[in-house]
Number of protein chains: 2
Amino acid sequence: MSLTFEGVLADRSTWRLDDCSIAKSMEVVGTRSSMLILREAFYGTTRFDDFTRRTRIGDAIVAARLKELTVIGLFDRRPYREPGKRTRYEYHLTDKGRDLFPVVFALMQWGNKHLQGDDGGPLRLVEQGTGEAVVIGARTVSGRDVDPEDLAIVAHGDWAGPQPS
Amino acid sequence: MSLTFEGVLADRSTWRLDDCSIAKSMEVVGTRSSMLILREAFYGTTRFDDFTRRTRIGDAIVAARLKELTVIGLFDRRPYREPGKRTRYEYHLTDKGRDLFPVVFALMQWGNKHLQGDDGGPLRLVEQGTGEAVVIGARTVSGRDVDPEDLAIVAHGDWAGPQPS
DNA sequence: AGGCTGGCTATCAACTAGGAAAGTCAGGTG
DNA sequence: CACCTGACTTTCCTAGTTGATAGCCAGCCT
């Protein structure tokens, strides 16, 4: 499989990628600790000590990452107060953070398949209710699955539907 | 959104994740340089100097990564020879490497939406032929889209379809 | 008031990622 | 044969990630 380039991109020797979104994303969330904290957040964790216990990452790093991810806008920091305790903060995923869902679970899916024993790793994603296995993959906005062979890359603003050949 | 845990996982306080596939995946491909090299590989690049030019990563790092990713089994190293040149090697994605497709393009999708200007970044994925926009997301193996709200996590071997309530 | 607890903060050291630049080496060219 | 080129390799250096350990401080408890 290799992707097809459409339009102005067709000749690969005439352009180079400057503003790569993949590179930018990696600079924001491209660390093990960020990913594990995000994993926990998807699992419903919101409090500092739960993050540290469940990820087994040191508290200094968790504190630094939560701050950083909050500044970037992946977490929303909300005060809460338990009876008899002072005010603390909970960290809730924002929409921007939730949108990382495919990234985090595509990593899990790949690790389950290729880095674990034959059992396929400890956890799996299923649909609630039916229990049907869930996969992270490509589909068109209208909901059809897309075979990886049939994918193409276009430049922004360089596509007006299929061209007559 | 936070995921539901099914079966033995239901009480979050009784278990801790040891063998996390996300952590394992990040240790293998969790660097900017690996991701950019994979990006180029999906774009069809196979040769050393094309990787260095198109990713703008130094040759030392590209060499180290290609070797490492080949050892891990993401690339297959094949000799080739151009007329008047000596034998060189091309790096082709294996199935294991190709399976990282959702990871790489989920990162691109997220970066396009959240880290670029209003234009949404330089490149987009479409279906070849129809030109319809493509998204990376969750669906059941039978092909239905799954709303992130309706996802659940189960432990391996701990699910036999929906239970009577 | 004084001690304790929990959520951070600060410091230090080990390790890794990455850029730059020079070195190596097979093999083709003059 | 000497030279050159392209594909790496090696070395050096800087910056960032991580773990470990210790410190800080608000506010509850006695």
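Note that the structure is a prediction, hence the values are computed from the model and not measured.

Visitor: Any chance you could explain the interface of chain B and chain A here in plain terms?
Guide: How big an interface is tends to be reported as the loss of accessible area on association of its parts. Contact residues are listed per partner, giving 96 residues for chain B and 96 residues for chain A. In this assembly, chain B and chain A are joined by 14 salt bridges. In this structure, A:Arg56 and B:Asp18 form a salt bridge, with 3.2 Å as the shortest nitrogen-oxygen distance. For the side of chain B that touches chain A, the element with the most residues is helix α6 (residues 101-114) of chain B, which contributes 14 residues.

Visitor: Explain the protein's contact with DNA strand C here, please?
Guide: The immediate surroundings of DNA strand C are formed by 22 residues, with B:Ser33, B:Ile61, B:Arg81, B:Gly84 and B:Arg86 found nearest. Between B:Arg81 and DNA strand C, the recorded distance is 2.4 Å, taken from a side-chain N or O atom to a phosphate oxygen. For the surface near DNA strand C, the elements supplying multiple residues, two or more each, are α3 (48-55), α4 (59-72) and β3 (87-93) of chain A together with α2 (32-42) and α4 (59-72) of chain B. Of the residues belonging to the surface near DNA strand C, the class tally is seven nonpolar, three polar and twelve charged.

Visitor: Is there a simple way to explain the confidence of the model for chain A in this structure?
Guide: Do not read the predicted coordinates in detail wherever pLDDT is low. Per-residue confidence for chain A averages 91 on the pLDDT scale, and 95% of its residues sit at or above 70. Within chain A, no element has a lower average pLDDT than strand β1 (residues 4-5) of chain A, which sits at 91, and none a higher one than helix α6 (residues 101-114) of chain A, at 97.

Visitor: Quick question: what am I supposed to make of the sheet that holds β1(A) here?
Guide: Strand pairing in a sheet relies on backbone hydrogen bonds, with the paired strands running either antiparallel or parallel. A sheet is described by the order of its strands in space; here three strands give the open sequence β1(A)-β6(A)-β4(B), paired in mixed fashion. Each end of this open sheet is capped by a strand with a single partner; those strands are β1 of chain A together with β4 (123-127) of chain B. Here β1(A) pairs with strand β6 (residues 151-155) of chain A via two bridges, running parallel. Within the sheet, the bridge partner assigned to A:Thr4 lies in β6(A) and is A:Ala152. α6(B) rests against β6 of chain A together with β4 of chain B of the sheet, and its axis sits at about 125° to β4(B).

Cut-offs applied
Residues numbered from 1 in each chain as written. Chains lettered and ligands numbered in written order. Predicted model: local features only at pLDDT ≥ 70, side-chain atom pairs only at ≥ 80, totals over all residues. Heavy atoms only, no water. Contact = heavy atoms within 4.5 Å. Salt bridge = Lys/Arg side-chain N within 4 Å of Asp/Glu carboxyl O. Helix = DSSP H or I, 4+ residues; strand = E, 2+ residues; numbered from the N terminus. Near = heavy atom within 4 Å. Polar contact = N/O pair within 3.5 Å; in protein donor to acceptor, adjacent residues only side chain to side chain. Nonpolar A, V, L, I, M, F, W, Y, C, P; charged D, E, K, R; others polar. pLDDT = per-residue confidence, 0-100. Pairing = 2+ DSSP bridges. Axes fitted to C-alpha atoms, helices over the stretch in contact; angles between N-to-C directions.

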